[in-house]
Protein chains: 2
Amino acid sequence: MRDVSIIGVGQTPVGEHWNRSLRELGVEAVHAALADASLDRPQALFVGNMLSGELCGQENLATLVADFAGFPGIEALKIEAACASGGAVVRAAHMAVASGAHDFVVALGLEKMTDLAIDGVTAGLATAADADYEAAHGVTFTALNALLMRLYMERYGYKREDFAPFVITAHENAVNNSWAMFRDPITAEDFAHSAMVAEPISILDSSPICDGAAAVVLCPTEQARAFTDQPVRILGSATATDTIGLGPRRDPLRFEAVYASAHRAYQQAGIRPEDIDFAELHDAFTIVSALSLESICFAARGQGVRFAQEGNITLQGKLPLATQGGLKARGHPVGASGTYQIVEVVDQLRGRAGANQVPNCSLGLAQSVGGMASVAVTHILGN
Amino acid sequence: MRDVSIIGVGQTPVGEHWNRSLRELGVEAVHAALADASLDRPQALFVGNMLSGELCGQENLATLVADFAGFPGIEALKIEAACASGGAVVRAAHMAVASGAHDFVVALGLEKMTDLAIDGVTAGLATAADADYEAAHGVTFTALNALLMRLYMERYGYKREDFAPFVITAHENAVNNSWAMFRDPITAEDFAHSAMVAEPISILDSSPICDGAAAVVLCPTEQARAFTDQPVRILGSATATDTIGLGPRRDPLRFEAVYASAHRAYQQAGIRPEDIDFAELHDAFTIVSALSLESICFAARGQGVRFAQEGNITLQGKLPLATQGGLKARGHPVGASGTYQIVEVVDQLRGRAGANQVPNCSLGLAQSVGGMASVAVTHILGN
């Protein structure tokens, strides 16, 4: 297997892009990443996306973006793994370069969610659940996560206010990220009084519906320094799945897919969890942050929230999280989020994270989760 | 790059499976392929599918199938490339095994189209066109192909009856294929009098809307003989794209993506077109067969129809096509068709094609095309 590095990254602002089309967002991120890599033309373009068919009436999405980016002819495929699509596309691109099939591949995460009415988007997101046995009953993802959060609170004795540190940290970090959707800091009091969506999940526990695109350029490590002084190596890249529904799980508070994908990536990288300097986790809801922290082995079972309360997840903490705002405050254009995470980890490792720079970091983890943690993709990047 | 072989194949009958679900069809094909490969459990499952979100309300499809096939935990990703998804998934699985990321990968092509009313399916298929600049005007894929067919007839002086040999051959071959949807032979007279859909395309120029699943198991060639006496090597595997819309093309009758993907595959395999013993082409409409024959260099420009008229595409001909009925008569469950083609090529190369066996064949080509030939995936398989 060839060693693979990232040589360029690009992104669009995350937000409600009423005046910009799906293709425009994708092309902008692709061109930005190629410019950053000083590369004219890739050999392949893989697009991570969940809902372009349902929300924009557009499949054949990778062909569309390849065409409008100016590269008709190249290989182009779309990769879908629900909300983990943005991580999965980097995983697929990694295999393409590692195999020798291509030397230069762009992995693009792309989603446009605001072109449809909100109930259409909620129904679209529900396609990540089991259509016949879960979604058919009308359950939404917020409701499913609310069940988990309530169980967690009851089992481990937390109040909903205890989850505030995840959100406060994310918004605090987003203040300095010009690509982020929500750049206002929030307080514990804001969180305590935020409007309820599906009890105990409030609007401030939840990541927003929005649009965005992020891209990375991959190439063999041995060629990387011809394009940039700051290549970032992909040390681990792994996907794992769990049952698609919550029902059959032995313990719904144990994220088996998150655990398995993280541990496969740790093993590939030859590192232990404590070697990681910072992480971008899938903070679509605060409960997912807490359970993910436990599944990647940074906190014992039931201690994820406490880990955050003890100040460990801030930029000065033991494991900084959501260093550019995370899904919560940078925003969560579902199929793009996982690629945004990779872009942010690369920026940190290159020392380009501005006011949010994690000092002396050399190993970062990005983890993208889909469905009710039924699929997870973990990448470990390093200098 | 590791050399990769196919060690098992499986499929479901193609048809209108009113009493069977998306997941059931997928699981059946996966289990059949694994049984054929004498393999208990794959390390990854890739699913080629175009429309599960739009037609079945189900994304996160690869996770769903992995779960219900009994393999939660493994890597699972969905691959979309419009109607070429079934070829694209084998391409992605090939890169995964070639890279060394996995030794045993199942590539599943899966589509269930009959759960929705026909106008919903037609709208779903139109998502393979440019949503903003083509589909927005109400054009369907049948209409787009009708434009091509009319142009072809006018430029090269054919009548619509001249296209009959493609359909007669496909139906003749499907008679002996117990997995095929339409097993009745048809005559030139049937074709001449078939009902018009979008002039000059009649119902008998067109492949049907249907359900089905087909799967193949890939592993490194050096391990293949531990599982089967009849592994089939993947000698070429390539995807190429064209502009997504017909509008910008210099010549709409030249399928650039088909040409490019075929020639990349020829080059990888180190062969010339004339070395191919038989081919499964994307005969979604008769005009696509004719233009594909020209693009893979078996007929000169404008000679694709004549090539068929001269008897070259029957089982006894120079280049047998649609040896098990093709998209036209075996059926075209869109995201699955490309994988069915691979299964059929493997069966031929293993001498398991029954009454439709191509004698002494050692090199077969399978080509899956998406959109208005805006994306094409070509595989060349050999003993």
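Residues numbered from 1 in each chain as written. Chains lettered and ligands numbered in written order. Predicted model: local features only at pLDDT ≥ 70, side-chain atom pairs only at ≥ 80, totals over all residues. Heavy atoms only, no water.

Novice: I'd like to hear about the overall build of chain A, residue by residue, with values.
Specialist: Broken down by element type, chain A carries 14 helices and 11 strands. Its C-alpha atoms give chain A a radius of gyration of 19 Å, within 12% of the compact-globule value 21 Å for 383 residues. When the backbone C-alpha atoms are referred to their principal axes, chain A occupies close to 55 × 45 × 40 Å. Looking at chain A residue by residue over its 383 residues, the buried ones come to 69%. Restricting the contact set of chain A to residue pairs at least 6 apart, pairs at least 24 apart contribute 78%. For chain A, the exposed surface amounts to about 11800 Å²; the carbon and sulfur share of it is 51%. Each charge class in chain A was averaged separately, 26 positive and 42 negative side chains, and the resulting centres sit 5 Å apart. (Helix = DSSP H or I, 4+ residues; strand = E, 2+ residues; numbered from the N terminus. Rg over C-alpha atoms; globule rule 2.2 N^0.38 Å. Buried < 20%, exposed > 50% of the residue type's maximum accessible area, 1.4 Å probe, protein only. Contact = heavy atoms within 4.5 Å. Areas by Shrake-Rupley, 256 points an atom, 1.4 Å probe, with all protein chains shown as cover. Lys, Arg positive; Asp, Glu negative; His and termini not counted. Charge placed at Lys NZ, Arg CZ, Asp CG, Glu CD.)

Novice: Residue-level account of the packing of helix 4 (residues 85-99) of chain B against helix 14 (residues 334-349) of chain B, with values.
Specialist: Residues and elements named next belong to chain B. Contact pair helix 4 / helix 14: the axes reach a minimum separation of 5 Å and the direction vectors enclose 60°. Relative to helix 14, the element helix 4 lies oblique. In this structure, helix 4 contributes Ser85, Gly86, Gly87, Val89 and Val90 to the contact, and helix 14 contributes Gly335, Gly338, Thr339 and Ile342. Split by residue class, the contact of helix 4 with helix 14 holds three nonpolar, six polar and no charged. (Axes fitted to C-alpha atoms, helices over the stretch in contact; angles between N-to-C directions. Parallel < 35°, antiparallel > 145°, perpendicular 65-115°, else oblique. Nonpolar A, V, L, I, M, F, W, Y, C, P; charged D, E, K, R; others polar.)

Novice: Lay out the pairing of strand 7 (residues 212-220) of chain B in plain terms, naming residues and giving numbers.
Specialist: Residues and elements named next belong to chain B. When you tally the buried positions in strand 7, you get nine out of nine residues, the bulk of the element. In the sheet, strand 1 (residues 4-11) pairs with strand 7 via seven bridges, with the strands oriented antiparallel. Opposite Ser5, over in strand 7, you have Cys219 as the bridge partner. (Pairing = 2+ DSSP bridges.)

Novice: Outline the interface of chain B and chain A, supporting the account with residue identities and numerical values.
Specialist: Note on interface size: it is often stated as the accessible area lost on association of the parts. Between chain B and chain A, the residue contacts involve 58 residues of the former and 57 residues of the latter. Where chain B packs against chain A, one counts six salt bridges. When the shortest N-O distance is used, the salt bridge between Arg91 of chain B and Glu75 of chain A registers 2.7 Å. Across the contact surface, chain B and chain A share 34 residue pairs in polar contact (both at pLDDT 80 or more). Secondary-structure elements contributing two or more residues to the side of chain B that touches chain A are helix 2 (52-56), helix 3 (61-68), strand 3 (75-80), helix 4 and strand 8 (232-241) of chain B. Per-class residue counts for the side of chain B that touches chain A are 28 nonpolar, 18 polar and 12 charged. Taken together, the three bridges between strand 3 (residues 75-80) of chain A and strand 3 of chain B define a ladder with antiparallel strand orientation. Looking across to strand 3 of chain B, one finds that Lys78 of chain A is bridged to Glu80 of chain B. (Salt bridge = Lys/Arg side-chain N within 4 Å of Asp/Glu carboxyl O. Polar contact = N/O pair within 3.5 Å; in protein donor to acceptor, adjacent residues only side chain to side chain.)

Novice: Which residues make up the packing of helix 1 (residues 22-36) of chain B against helix 3 of chain B, and what values do they have?
Specialist: All names here are of chain B. At a minimum axis separation of 9 Å, helix 1 and helix 3 run at an interaxial angle of 60°. Every pair of crossing elements has a handedness; the one defined by helix 1 and helix 3 is right-handed. Here Leu22, Arg23, Gly26, Val27 and Val30 of helix 1 come into contact with helix 3, specifically with Leu61, Leu64, Val65 and Phe68. (Left-handed = near helix turned anticlockwise from the far one by under 90°.)

Novice: I'd like a description of the relation of the copies chain B and chain A, backed by residues and values.
Specialist: Its rotation angle being 180°, the transformation that places chain B on chain A also includes 0.0 Å of axial translation and leaves an RMSD of 0.0 Å. Within this description, the copies of the chain are treated as partners about a two-fold rotation axis. Residue Ser99 of chain B, judged by its C-alpha, is the member of chain B lying nearest the rotation axis, at 1.7 Å. Of all interface residues in chain B, 98% are interface residues in chain A too; the two copies therefore contact each other through one and the same surface. (Least-squares fit on C-alpha atoms with pLDDT ≥ 70 in both.)

Novice: Can you explain helix 1 of chain B? Please cite residues and give values.
Specialist: All names here are of chain B. Relative to the 21 Å expected for 15 residues at 1.5 Å per residue, helix 1 spans 22 Å between its end C-alpha atoms, a close match to the ideal helical length. For helix 1, the full list of buried residues reads Leu22, Arg23, Leu25, Gly26, Val27, Ala29, Val30, Ala33 and Leu34. Among the structural elements, strand 1, strand 2 (44-48), helix 2, helix 3, strand 4 (105-111) and strand 7 are those in contact with the buried residues of helix 1. Downstream of helix 1 by a residue or two, Ser38 has a phi angle that is positive, lying close to 50°. (Expected span 1.5 Å × (residues − 1).)

Novice: Outline the side chain of His379 of chain B, supporting the account with residue identities and numerical values.
Specialist: Residues and elements named next belong to chain B. Among the structural elements, His379 can be located in strand 11 (residues 375-382). Here His379 falls in the buried class, since its relative accessible area comes to 1%. Side chain to side chain, His379 and Ser237 meet in a polar contact 2.9 Å long. The residues contacting His379, other than those within four sequence positions of it, are Gly87, Val90, Arg91, Ile234, Gly236, Ser237, Ile342, Gly364, Leu365 and Ala366.

Novice: Account for the confidence of the model for chain A, with residues named and values stated.
Specialist: The predicted model of chain A averages 97 in pLDDT, with 100% of residues at 70 or higher. For this predicted complex, the interface score ipTM comes out at 0.97, alongside a pTM of 0.98. (pLDDT = per-residue confidence, 0-100.)

Novice: Describe the environment of Cys210 of chain B, naming the residues involved and giving the relevant values.
Specialist: Residues and elements named next belong to chain B. Relative to the assigned elements, Cys210 resides in the loop between strand 6 (201-202) and strand 7. Take Cys210: its relative accessible area is 0%, and that puts it in the buried class. Through-space distance from the C-alpha of Cys210 to that of Met181 is 8.4 Å; in sequence the pair is 29 residues apart.

Novice: Can you lay out the packing of aromatic side chains for me, pointing to particular residues and giving the numbers?
Specialist: One pair of aromatic rings is described through two measures. These are the centre distance and the angle between the planes. Tallied over the entire structure, the rule returns 14 aromatic pairs over all chains. Consider the rings of Phe104 of chain B and Phe227 of chain B, whose centres lie 5.1 Å apart with planes at 65°: the pair is edge-to-face. Of this pair, Phe104 of chain B sits in the loop between helix 4 and strand 4 while Phe227 of chain B sits in the loop between helix 9 (221-224) and strand 8, placing them 123 residues apart in sequence. Through successive ring pairs, a cluster of aromatic residues spans Tyr152, Tyr156, Tyr158 and Phe163 of chain A. (Phe/Tyr/Trp six-rings, centres within 6.5 Å; stacked < 30°, edge-to-face > 60°.)

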